[in-house]
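One-letter residues, chain by chain:
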Amino acid sequence: VQLQASGGGLVQAGDSLRLACAASGRTFSNIVMGWFRQAPGKEREFVASIRWNGGATYYTDSVKGRFTISKDNAKNTGYLQMNSLKPEDTAVYYCAYSLLGNRSYYTSSAQYHYWGQGTLVTVSS
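Worth saying up front: this structure is predicted, and the values here are computed from it rather than measured.

### Details of the environment of Ser98
Part 1: On the secondary structure map, Ser98 appears in strand 9 (residues 91-98).
Part 2: The class for Ser98 is buried, based on a relative accessible area of 0%.
Part 3: Setting aside anything within four residues of it in sequence, one finds Ser98 in contact with Asn30, Ile31, Val32, Tyr106, Gln111, Tyr112 and His113.
Part 4: A polar contact of 2.7 Å, which involves the side chain of Ser98, links it to the backbone oxygen of Gln111.

### Points about the pattern of salt bridges
Part 1: A complete count under the given rule lists four salt bridges for this structure.
Part 2: One salt bridge in this structure joins Glu45 and Arg37, with 2.6 Å as the shortest N-O distance.
Part 3: What makes Glu45 partly exposed here is its relative accessible area of 35%.
Part 4: Between Asp61 and Lys64 there is a salt bridge whose closest N-O contact spans 3.0 Å.
Part 5: When salt bridges that share partners are traced, they join Arg37, Glu45, Arg66 and Asp89 into one network.

### Description of unusual backbone geometry
Part 1: Of note in the backbone geometry, Asn76 takes a positive phi value of approximately 50° without being a glycine.
Part 2: By the secondary structure assignment, Asn76 is in the loop between strand 7 (67-72) and strand 8 (77-82).
Part 3: Positive phi, close to 50°, is recorded for Ser84, a residue that is not glycine.
Part 4: If you trace the backbone, Ser84 turns up in the loop between strand 8 and strand 9.

### A word on the nonpolar core
A general tendency of soluble globular proteins is for nonpolar side chains to be buried together.
Part 1: Formed by 29 residues in total, the largest nonpolar core has its most connected members in Met33, Trp35, Leu80, Met82 and Tyr93.
Part 2: Listing elements by their share of this core, those giving two or more residues are strand 1 (2-6), strand 3 (17-24), strand 4 (32-38), strand 5 (45-51), strand 7, strand 8, strand 9 and strand 11 (119-124).

### Description of the side chain of Thr77
Part 1: Looking at the element boundaries, Thr77 is found in strand 8.
Part 2: Residue Thr77 is classed as buried on the basis of its relative accessible area, which comes to 9%.

What counts, and where the lines are drawn
Residues numbered from 1 in each chain as written. Predicted model: local features only at pLDDT ≥ 70, side-chain atom pairs only at ≥ 80, totals over all residues. Heavy atoms only, no water. Helix = DSSP H or I, 4+ residues; strand = E, 2+ residues; numbered from the N terminus. Buried < 20%, exposed > 50% of the residue type's maximum accessible area, 1.4 Å probe, protein only. Contact = heavy atoms within 4.5 Å. Polar contact = N/O pair within 3.5 Å; in protein donor to acceptor, adjacent residues only side chain to side chain. Salt bridge = Lys/Arg side-chain N within 4 Å of Asp/Glu carboxyl O. Core = buried A, V, L, I, M, F, W, Y, C linked by side-chain atoms within 4.5 Å.

Function cannot be inferred from these measures alone, as they are strictly geometric.
Okay, here's the thing in structure tokens:
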């Protein structure tokens, strides 16, 4: 499986961006897709996840109400709509697939098996 993240850029505080994560190669139906981010000098942190079957979503507290994760099964693509962006959202954003099938969400990067290359989001104040 290859994951390709895109959609990052430079925006001002309060603006919106939509990230996309396109999957190619072998496809799985029973996966959880997650978005993580890593700011300079910080550890990678969980942002949001969506279960491909059923669509259950989960968010870290700092993005609840501002970010929305979604998917398009036909396109094998997941999305992260980011609204009301803040400077503290600045980071490289990564999408990932977890093949673990027994929960509706996973928040640890160790629980994810495939990773995209990352896309940089910079929010200026």
